[in-house]
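Here is how the chains run, residue by residue.
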Amino acid sequence: MSKSNHFSKKLLNWYDPKARSLPWKFIKDPYKIWVSEIILQQTRAEQATPFYRNFIQLFPTVGALAKAELDQVLKAWEGLGYYSRARNLHHAANYVQNNFAGKIPSTYKELLTLKGVGPYTAAAISSFAFGEAQPVLDGNVFRVLSRVFGIEAPINVGSSRKIFQKQLNKIFDKKRPALFNQSIMDFGATCCKPSEPSCPSCPMADFCFALKNKQIHQLPKKLKPPKKKIRYFNFLFLTSGKKLLIEQRTEKDIWQNLYQFPLLESKELVHEDFIKDNFRSNLNLNKSINFDLVYSTTRILTHQKLYVQIWAANLRKKDFTEKEGALWVNNSDLHKFAFPKLFDLFFNDIC
Ligand code: SF4
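> Explain the environment of Val96 to me, and be specific about the residues and the numbers.
Residue position: Val96 is located in helix α6 (residues 84–99). Along the backbone, Val96 and Thr113 are 17 residues apart, and their C-alpha atoms lie at a distance of 9.8 Å. Those residues within four positions of Val96 in sequence are excluded, and the remaining contacts are Val62, Ala66, Gly102, Ile104 and Leu114.

> Account for the domain arrangement of the protein chain, with residues named and values stated.
What the domain assignment lists for the protein chain is domain 1 (3–212) and domain 2 (229–350). Once you take the C-alpha centre of each, domain 1 and domain 2 turn out to be 37 Å apart. Each partner contributes residues to the interface: domain 1 has ten residues there, and domain 2 has eight residues. Here the element with the most residues in the side of domain 1 that touches domain 2 is helix α5 (residues 70–77); it accounts for five residues.

> With reference to specific residues and values, describe the pairing of strand β1 (residues 229–240).
Pairing geometry for β1 and strand β6 (residues 304–314), over eleven bridges, is parallel. Paired with Ile230 across the strands is Lys305, a residue of β6. Relative to strand β4 (residues 263–266), β1 runs antiparallel, the two being bridged by four bridges. When the bridges of β4 are listed, Phe235 appears paired with Leu263. Relative to strand β2 (residues 243–248), β1 runs antiparallel, the two being bridged by two bridges. Each residue of the ladder has a partner; that of Ser240, found in β2, is Lys243. Hairpin connection between β1 and β2: a loop of two residues separates the two successive antiparallel strands, and Gly241 in this loop has a positive phi of roughly 60°.

> Help me get a handle on helix α8 (residues 119–130), residues and values and all.
With twelve residues, α8 ought to run about 16 Å at 1.5 Å a step, and its terminal C-alpha atoms sit 16 Å apart, in line with that. For α8, the full list of buried residues reads Thr121, Ala122, Ala123, Ala124, Ile125, Ser126, Ser127, Phe128 and Ala129. Summarising the contacts, the buried residues of α8 are in contact with α2 (30–40), α7 (108–111) and α11 (177–190). Just downstream of α8, Gly131 is the residue with a positive phi angle, here 70°.

Reading the values: the criteria
Residues numbered from 1 in each chain as written. Predicted model: local features only at pLDDT ≥ 70, side-chain atom pairs only at ≥ 80, totals over all residues. Helix = DSSP H or I, 4+ residues; strand = E, 2+ residues; numbered from the N terminus. Contact = placed C-beta atoms within 7 Å. Domains from an automatic or database assignment. Pairing = 2+ DSSP bridges. Expected span 1.5 Å × (residues − 1). Buried ≥ 20, exposed ≤ 12 C-beta atoms within 10 Å, placed from the backbone.

Shown next as structure tokens:
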């Protein structure tokens, strides 16, 4: 028996459907599978579960999601990060309404036309919901293939995908696509884990390349990511009585469509004089107003590192300022707006 056949047989024998119970497992509803897969793209299953339940409760069908305002969807996504996932889901739900009469398409090829749905998600939806013979290739599967078959191509380089896909096609069980996909994903998540794989009890131990060649911690290979862009964000926590000033991020940039305090981006870490001069002129503020640095933190995003300072200032009624695109909101209404996670941390610490 070839190594590939050996692998498939052992994988399906190893699989225990009851071992890893998650709310999106064994469902056939393509909408729920789609939502779960999008959430799971950057989020671990344990963390994803309450978000998934809440999201499905708020938007139980693709029609309900399409009808919702984008702000509501972003609010439900608050805390999960990578907000483009939520924007794409909302866009694609409307696309389904307009182009597929409200029914999620059933083929891999059509699913790829939805914004935010790539080869992995299309394969997951088409195999789990519709039984189409499409193998999934996610981070878990990359790791398993790399270790078992000794594939050294770096997994974070687009051109490597073909190499992994070729090996995956050799082991894929076309007659039982959903079962195979679920098995290999669970195998990667629970047995061939990233840092401490369970090699002693692993069914692939007798033919695993990485185990035999002491390469477990060297595989899969990754190329060093490019250096992160450094940015300096200075926010103004501007209050007046029980109100505070917020604005929506509209540019094509991180946190698009989320809310924030008025922002000054600088080229380096800045001090009070810079803040005073710039916020005063930007917001037309009275010269007597003081600014206090109340919070500073750093945030590491996929391609950026942010140095964040939050300055506080308080206005009397007569200093009341207007700024195009900004809103004065009551403290008690803040929960209606979706903010990046760093603001939650700030509210928890300061307010
Ligand atoms: S032997 Fe270890 S490294 Fe190889 S597949 Fe099994 S768990 Fe992964």
